[in-house]
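The residues making up each chain are set out below.
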Amino acid sequence: MGSGDRSAAVGGFYTVFRHEQHGLFGGLLLLNRNGRPLEFHCTAPIKPNRAQEILYGASLESYLHGEAIGAALLAKASAPPTFVCVETPAALAVREFIEAPVAMIVADAQPEAEDRPLFRVDAAHERGLHSVTFGSRRLALAKRFAADEKPLAEQLATLPEHFDLAEPFARIRGAIEEAQRSGR
Amino acid sequence: MSGHEMSGRDESAGDATLFLRATQELSANGQVDVRVNSLDVGLGGVTAESIAVESWKPGIASVPIRGDRLKVRSFYFPQTGGWREKFAAAQGAKSASPAGDAKSPASADEASPKSAAPKTATRIAPPRDVVKLEDRLYYVLQPPLESVFTGGALEFPFTPFPYQFEGIAFLYPRFAAVLADEMGLGKTMQAITTIRLLLHAGEIRNVLLVCPKPLVTNWQREFQTWAGELPLTIIEGDQAKRRWQWHQSESPVKIANYEVVVRDRDIIDDDGLKFDLAVLDESQRIKNRSGTTSEVVRSIRRTRSWALTGTPVENSADDLVGIFEFLQPGYLTPGMKPRRMGTLAADYIIRRTKDKVLTDLPPKMFRDVEIELTAAQRETYRIAEEEGVLRLTDMGPGLTIQHVFELVMRLKQVCNFDPLTGESAKLERLEADLEEVVAGGRKALVFSQWVETLEQIGERLGHLNPLYYHGQIPSPKRDPILKRFKEDKNCPVLLMSYGAGAVGLNLQFAGYVFLYDRWWNPAVEDQAINRAHRIGAAGPVTVTRFVAADTIEQRIDQVLREKRELFDTMFSDVEPSSARSGLTHDEIFGLFKLRSPQGPIKFAA
């Protein structure tokens, strides 16, 4: 169902999820404005070693999500996305490695939010999130990059009204599972 | 970067307790240089060898933190132009949008807001025979089908049912597929929508759709409804015109009936025509593998092959072999056990039944009405059967199944009308029932296998202004008849032959179906019934099946029941204990308690 040229890529959707056995998998999906896939990049699983856990301490999560996985994935994109959506605060750290807004999707209702682990955006930087709302879309930026609000709004305005920013993450998980299956 | 001092117990290390005095610096190459002043316990995960501690002077230990470069797999998906781009290129500047298509939707990548957000998310799952990971991911990463409908990229007249989304998701990635939904579930719409999506995605460029002749206008109408922007070419007319139409490249979809395809086999073969997708509607037409129709459609050069049928198996499991010879030659073989065949074919076939997916579809109620023949009919029947059986018996080794069929037909006709007196017990009952139907303001379909029978019924029911729809009515006159039946309150009865009225017609405004006589296989009867019992039916559909008591009709009814069991064996998880693999020649001869004088005789419905 894909069509249109690659330069039409606008959205990067980046997520990291944890596999009990293998560790962390990262996936970056680039979509055109109609939600069709242009590129997909995924990492081999990564497990922080003990030294990393100790020496990075509280900044480990943002290091892994930002520099270790996110930056490696973005480096493979044939063209940088004009914005990136992420699912967790830790992944906002990828903003350090791209000159485009990075926003976390905030679900309308998060009944499971209390069960989720808390993340620090980046121990080395100012903590906190900057919440933004564009129509029915609720997002959050790293406070340090609150100025991204305007360019982000401009990018989101180009999307169809019903473009569901949360939906592509399910595709990424499905794709990584498919890749895992094929690797067995 | 300036270093900072680490000292004492690191609580964040969890169960590892670490006592050290050190300074760390992040170096430009990404390593942490740890200058160890004193080390009391080994660093968890770091071996003693990796930290060279010199006790007699401050030591320097370099702990690799980042490890190897993270391996990334990348997939880049082809972005081909859709049908519209090709069409536009062919047309030049004049075709910014297809001519005469006022309500043409925007191109697939030109979105506009649309109605309510989807409630379900139907994803395309790659079939088993797609092996390359890149190809599989291409499908896995597609957006849910519902987003195509609500996203405004393409316009659709109605939102499909969830099971229809599943059907589209099934067809989309498949190069060989059978859409075998029960009649009335919208196979046509599912096929058209999938074709439309594939065309707009640029995955296919030209499509050949083959269907029975009476259904050509139906397909044309459905394409206008579900894919109004796609120009169609209907292959028809004299040979020169057809040759031009076959080569016509400006419309991505060609529709031809089976007879035309057979007639034009030389054009298709010799001119090297090739299609990205060939779709066979009512694909049971090619169940006979040795038939000319089967041979010709199998020779069509194509990349993808789909078969649409509500009855993948009509008489025996080998019917499915015939269809697969078109899809995947050699994959199924004659004589395979039905259960094995069903298992092998599972990834290629999708079949849903109304009771499973349309729980809100009005119910379909059956009335099996046993008719006692009139005295005159009974006498005529008795003589005909006794004389007929005697004649068959006397034929000895010359007896063939055709002779048996002839007798069956003759007896069935007597069950309908007594040829001597014109009496008909069935007609008396039918007339009474129809009076009631019409009095209630409802409409009814009456099916028979003989045009003559329909005419006899029509004469008697003249006061109800019955309309006729059968094979002897020229195609151009058929649509107006259906229109009149739908719109004219004074025409509440449509008399139809199984052959002409069993497939593809949407008559869901009729609440009653009468089967005046029984067809040879239940699939055809189901097709007839489902003209009325389909999506859009406003109320329950009542099906009345007439069976003359103590006649050949009752014996045939028993055979039909057994065929249904065969179907269940192949397409359900529960194997009925008495499942049969089809009719044997002994069973056919058994209709008259005859013994077969020769070897197996192929049964042809």
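Residues numbered from 1 in each chain as written. Chains lettered and ligands numbered in written order. Predicted model: local features only at pLDDT ≥ 70, side-chain atom pairs only at ≥ 80, totals over all residues.

This part covers the overall build of chain A. Secondary structure assignment for chain A yields four helices and seven strands. Ordered by position from N to C terminus, the α and β elements of chain A give β-β-β-α-α-β-β-β-β-α-α. In chain A, which comprises 184 residues, the share counted as buried stands at 47%. Within chain A, contacts between residues at least 6 apart in sequence are counted, and of these 59% link residues at least 24 apart. (Helix = DSSP H or I, 4+ residues; strand = E, 2+ residues; numbered from the N terminus. Buried ≥ 20, exposed ≤ 12 C-beta atoms within 10 Å, placed from the backbone. Contact = placed C-beta atoms within 7 Å.)

Next up on the list: the overall build of chain B. Regarding its fold elements, chain B presents 22 helices and 18 strands. Buried residues in chain B amount to 41% of all 605 residues. If you take every contact in chain B between residues at least 6 apart in sequence, the share linking residues at least 24 apart comes to 70%.

Quick look at the sheet that holds strand S7 (residues 137-142) of chain A now. Across the sheet, which stays open at both edges, the eight strands sit in the order S6(A)-S7(A)-S5(A)-S4(A)-S1(A)-S2(A)-S3(A)-S5(B) with mixed pairing between neighbours. Where the open sheet ends on each side, the last strands, each with one partner, are strand S6 (129-134) of chain A together with strand S5 (72-76) of chain B. Geometrically, the sheet is characterised by an average inter-axis angle of 25 degrees between neighbouring strands, direction not taken into account. In the sheet, strand S1 (residues 11-19) of chain A pairs with strand S2 (residues 23-31) of chain A via nine bridges, with the strands oriented antiparallel. Looking at the pairing, Phe17(A) lines up with Phe25(A) of S2(A). (Pairing = 2+ DSSP bridges. Axes fitted to C-alpha atoms, helices over the stretch in contact; angles between N-to-C directions.)

Here we come to helix H3 (residues 149-156) of chain A. Residues and elements named next belong to chain A. Of all the residues in H3, the buried ones are Leu152, Gln155 and Leu156. Taken end-on, H3 shows its buried residues confined to a sector of 95 degrees, consistent with a single buried face. Along H3, the residues that are exposed and aim more than 90 degrees away from the buried face are Lys150 and Glu154. Buried residues in H3 make contact with strand S4 (83-86), strand S5 (102-105), S6 and S7. (Arc of directions from axis to C-beta.)

Turning to the pairing of S7(A), a few remarks are in order. All names here are of chain A. With two bridges connecting them, S5 and S7 associate as antiparallel partners. Directly across from Ile105, in S7, lies its bridge partner Leu139. With six bridges connecting them, S6 and S7 associate as antiparallel partners. By the bridge assignment for S7, Thr133 is matched with Arg138. Between S6 and S7, which pair antiparallel and follow one another directly, the connecting turn spans two residues, one of which, Gly135, has a positive phi of 60 degrees.

Looking now at unusual backbone geometry. Glycine aside, negative phi is the norm for most residues, and most peptide bonds take the trans geometry. Phi is positive for Glu282(B), which is not a glycine, with a value near 50 degrees. For Glu282(B), the position within the fold is in the loop between strand S10 (274-281) and helix H10 (292-299).

What follows deals with the sheet that holds S10(B). The pairing of strands in a sheet happens through backbone hydrogen bonds and is either parallel or antiparallel. Residue and element names in this part refer to chain B. Reading across the sheet, the seven strands line up as S8-S9-S7-S10-S11-S6-S12 and stay open at both edges, with parallel pairing between neighbours. Single-partner strands in this sheet number two, and they are strand S8 (232-234) and strand S12 (349-350). Relative to strand S9 (residues 253-257), S8 runs parallel, the two sharing three bridges. In the sheet register, Thr233 faces S9, and the bridge partner there is Lys254. Packing of helix H11 (residues 318-327) onto the sheet brings it into contact with strand S6 (176-179), S10 and strand S11 (301-308), and relative to S11 it is tilted by some 150 degrees.

What follows concerns the environment of Leu434(B). All names here are of chain B. By secondary structure assignment, the location of Leu434 is in helix H16 (residues 425-439). What makes Leu434 buried here is the crowd of 21 C-beta atoms within 10 Å. Those residues in contact with Leu434 that lie beyond four places of it in its chain are Ala444, Leu461, Leu464 and Val493.

Residue and element names in this part refer to chain B. Topologically, Leu407 is positioned in helix H15 (residues 401-416). For Leu407, a count of 20 C-beta atoms within 10 Å translates into the label buried. Residues Leu407 and Arg391, spaced 16 residues apart in sequence, show a C-alpha to C-alpha distance of 9.8 Å. Not counting the four nearest positions on each side in its chain, Leu407 is found in contact with Gly388 and Leu392.

Let us look at the pairing of strand S18 (residues 541-548) of chain B. All names here are of chain B. Among the eight residues in S18, seven count as buried, and that is most of the element. Note that strand S17 (residues 512-515) and S18 share four bridges and pair parallel. Bridge pairing in S18 places Phe514 opposite Thr544.

Before going further, it helps to examine the packing of helix H4 (residues 162-171) of chain B against helix H5 (residues 187-201) of chain B. All names here are of chain B. Following both chains from N to C, one finds H4 and H5 inclined at 50 degrees, their axes separated by 9 Å at the closest point. Between H4 and H5, the crossing angle belongs to the class labelled oblique. In the crossing of H4 with H5, the sense of the turn from one axis to the other is right-handed. Contacts between H4 and H5 involve Gln164, Gly167, Ile168 and Leu171 on the former and, on the latter, Met189, Gln190, Ala191, Thr193 and Thr194. (Parallel < 35°, antiparallel > 145°, perpendicular 65-115°, else oblique. Left-handed = near helix turned anticlockwise from the far one by under 90°.)

Attention now moves to the confidence of the model for chain B. Residues and elements named next belong to chain B. Mean pLDDT for chain B: 79, with 76% of residues reaching 70 or above. Overall, residues 1-30 carries pLDDT values under 50, and its contacts beyond four positions in sequence, including any with other chains, amount to 46 contacts. Under a pLDDT of 50 for its full length, residues 597-605 has, in the predicted model, 16 contacts with residues more than four places off or in other chains. Interface confidence for the predicted complex, given as ipTM, is 0.86, next to a pTM of 0.66. (pLDDT = per-residue confidence, 0-100.)

Turning to the confidence of the model for chain A, a few remarks are in order. Residues and elements named next belong to chain A. Per-residue confidence for chain A averages 84 on the pLDDT scale, and 83% of its residues sit at or above 70. The spread of mean pLDDT over the elements of chain A runs between helix H1 (residues 50-56), the lowest at 85, and S4, the highest at 97. Low pLDDT, under 50, characterises residues 2-7; the predicted model gives this stretch 23 contacts beyond four residues in sequence or across chains. Considering only residues more than four positions removed or in separate chains, one finds that residues 110-126, a stretch of pLDDT under 50, has 24 contacts.

Looking now at H11(B). Residue and element names in this part refer to chain B. Of all the 10 residues making up H11, 10 are buried; the element is thus mostly covered by neighbouring parts of the structure. Residues of H11 that are buried: Asp318, Asp319, Leu320, Val321, Gly322, Ile323, Phe324, Glu325, Phe326 and Leu327. On its buried face, H11 is in contact with S6, S10, H10, S11 and helix H12 (338-345).

Bringing the packing of H10(B) against H11(B) into the picture now. Residues and elements named next belong to chain B. In the contact formed by H10 and H11, the axes pass within 8 Å of each other and the chain directions differ by 25 degrees. Between H10 and H11, the interaxial angle falls into the category roughly parallel. Packed against H10, whose contacting residues are Ser294, Val297 and Arg298, the element H11 presents Gly322, Glu325 and Phe326 at the interface. A breakdown of the residues in the contact of H10 with H11 according to their chemical character gives two nonpolar, two polar and two charged. (Nonpolar A, V, L, I, M, F, W, Y, C, P; charged D, E, K, R; others polar.)

Another aspect to go through is the environment of Glu385(B). All names here are of chain B. Relative to the helices and strands, Glu385 is located in helix H14 (residues 375-394). Glu385 sits in the partly exposed class, given 17 other C-beta atoms within 10 Å. In sequence terms Glu385 and Arg410 are 25 residues apart; their C-alpha atoms lie 8.9 Å from each other.

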